[in-house]
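Spelled out from the first residue to the last, the chains are:
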Amino acid sequence: QVQLVESGGGLVQAGGSLRLSCAASGRTFSSYAMGWFRQAPGKEREFVSIIWSSGLVNTADSVKGRFTISRDNAKNTVYLQMNSLRPEDTAVYYCAAKIGAGSLQSPEVYGYWGEGTQVTVSS
């Protein structure tokens, strides 16, 4: 099975940048499409972006043009580069491995989750 650990979160002012990392354990890491979700207090978990082993990506409209997902299969790591951060980006960010078929935006098709890393964007 796959174990995921996020890091890189923190406090940043609006307009700033952060780079999140998700370290995965498991020799089959490269077989999974890897996604990022986020969840703000009182809100449901929201899809952010996904990347397949081929490098193909799909990104939510809310962050398109500001966030970039990437992966390094040799390091078993997926990244989320976040630029031009806004206060509404404040949330706990989770990485996840897709194991099922269905909507890319649906958490139900992701079988493995990290415990999240907090991102706080201040004005």
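Up top you'll find the structure we're talking about.
This is a predicted model, so every value here is computed, not measured.

So, how was this worked out
Residues numbered from 1 in each chain as written. Predicted model: local features only at pLDDT ≥ 70, side-chain atom pairs only at ≥ 80, totals over all residues. Heavy atoms only, no water. Helix = DSSP H or I, 4+ residues; strand = E, 2+ residues; numbered from the N terminus. Rg over C-alpha atoms; globule rule 2.2 N^0.38 Å. Buried < 20%, exposed > 50% of the residue type's maximum accessible area, 1.4 Å probe, protein only. Contact = heavy atoms within 4.5 Å. Core = buried A, V, L, I, M, F, W, Y, C linked by side-chain atoms within 4.5 Å. Pairing = 2+ DSSP bridges. Axes fitted to C-alpha atoms, helices over the stretch in contact; angles between N-to-C directions.

(A) Spatial organisation of the overall build of the protein chain. Each helix and strand counted, the protein chain has zero helices and 11 strands in total. When the helices and strands of the protein chain are listed from N to C terminus, the series reads β-β-β-β-β-β-β-β-β-β-β. Taken against the 2.2 N^0.38 rule, which gives 14 Å for 123 residues, the C-alpha radius of gyration of the protein chain at 13 Å falls within 12% of a compact globule. Burial statistics for the protein chain: of 123 residues in total, 44% are counted as buried. For the protein chain, restricting intrachain contacts to residue pairs at least 6 apart in sequence, the fraction spanning at least 24 positions comes to 57%.

(B) Structural detail: unusual backbone geometry. Although it is not a glycine, Asn76 sits at a positive phi angle of roughly 55°. Positive phi, normally seen in glycine, also occurs at Ser84, with a value near 50°. If you trace the backbone, Ser84 turns up in the loop between β8 (77-82) and β9 (91-98). Residue classification places Ser84 among the partly exposed positions, given a relative accessible area of 40%.

(C) Geometry of the nonpolar core. With 36 residues, the main nonpolar core has Met34, Trp36, Phe67, Leu80, Met82, Tyr93 and Tyr110 as its most contacted residues. Those residues in contact with Phe67, other than ones at most four positions away along the chain, are Arg38, Val48, Leu80, Gln81, Met82, Asn83, Leu85, Asp89 and Tyr93.

(D) Structural detail: the sheet that holds strand β3 (residues 18-25). Taken in spatial order, the four strands of this open sheet run β1-β3-β8-β7, and their pairing is antiparallel. Only two strands of the sheet have a single neighbouring strand rather than two, namely β1 (3-7) and β7 (67-72). Mean inter-strand twist for the sheet, computed between neighbouring axes without regard to direction, equals 15°. Relative to β8, β7 runs antiparallel, the two being bridged by six bridges. In the sheet register, Arg71 faces β8, and the bridge partner there is Val78.

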